[in-house]
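Spelled out from the first residue to the last, the chains are:
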Amino acid sequence: MTYREVKREDSSKFYDQPKITLRGRDVFHFNKKFFDMADLENKKRARVLIEEEKRKIAFDFLDSNENKDAFILYRDGGSPGSGQSRSSRIIKATQIINNYDWIKSVSLIKNSDLKKFNPEWNNIERVWEISLMPNFEIKVSNQSQVPDNIEGIYRYVRADGSVVYIGKGKIKSRLTSPERKLWDFDTIEYSIVGDEKERTKWESFWLDRFVKDNGKLPVYNRIAGQKEL
């Protein structure tokens, strides 16, 4: 007899690891594991620092309330039986989320697992960092609205919300490729990603997520793949 382990897929497994979560549309949540690791018991506020090009958010936790520009750390109300209320913290982050489209787009993702991030300690800046994924936060309805020569990841979306293609590269020149002139879509959604390795990484990430959610690739990815065979 050969046993095969069944691994947990429920979101509660994230409580076993230090996580910073973009919860709902207005809160950053620091879970119990991170609470312990970052020693948040007596911290009063958190400075929030943004690095837009790399989509990084950093947190600097403060012992006092003196810095009024920093965000107040609140105890999390938690949920019944979660064990999170006494040993986790939140900051109310509506201002942060609304001021940056690349953060707001992630806050709107329905899959809560994609909004949980692994914090890393930056020993030079002395802050905790999280990195957000590019999430097609720029949306246009006409190719003339896409700047020339920008590179990144992109997707084509129909009016009903269905994604019909996910790709990477020079966004505008890809749009004008002859084979795409008859493609049926209404919106171009993209993120600017300057590094080729990062473009490849995130294109693969979103294609994998699409397959996981839908059981197959977007329609024009399938067609393009068949032509390459």
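Residues numbered from 1 in each chain as written. Predicted model: local features only at pLDDT ≥ 70, side-chain atom pairs only at ≥ 80, totals over all residues. Heavy atoms only, no water.

### Examining the sheet that holds strand E11 (residues 138-140)
Selection criterion: At least two DSSP bridges between two strands are needed for those strands to be called paired. What counts as a helix is a DSSP run of H or I of at least four residues, what counts as a strand is a run of E of at least two, and both are numbered from the N terminus. Every axis in this analysis is a line fitted to C-alpha atoms, fitted for helices over the stretch in contact. Angles between the N-to-C directions lie between 0 and 180 degrees. What makes two residues a contact is simply this: any of their non-hydrogen atoms within 4.5 Å.
Pairing is antiparallel across the open sheet formed by four strands, whose spatial order is E11-E14-E12-E13. Each edge of the open sheet is held by one strand with a lone partner, namely E11 and strand E13 (163-170). Along the sheet, successive strands turn relative to each other by an average axial angle of 25 degrees, direction set aside. Across the face of the sheet, helix H5 (residues 196-214) comes into contact with strand E12 (151-157) and E13 while running at roughly 170 degrees to E13.

### A few points about the pattern of salt bridges
Operational definition: A side-chain nitrogen of Lys or Arg and a carboxyl oxygen of Asp or Glu constitute a salt bridge if their distance falls within 4 Å. Relative accessible area decides the class of each residue, using a 1.4 Å probe on protein chains only: under 20% of the type maximum gives buried, over 50% gives exposed, and in between gives partly exposed.
This structure, assessed with the given rule, holds 14 salt bridges. Here Lys116 ties to Asp113 by a salt bridge, and the two come within 3.9 Å at their closest N and O atoms. Asp113 gets classed as partly exposed once you look at its relative accessible area, which sits at 26%. For the salt bridge of Glu151 with Arg199, the shortest nitrogen-to-oxygen distance reads 3.3 Å. Of the two residues, Glu151 sits in strand E12 while Arg199 sits in helix H5, which places them 48 residues apart along the sequence. Residue Glu151 is classed as partly exposed on the basis of its relative accessible area of 28%.

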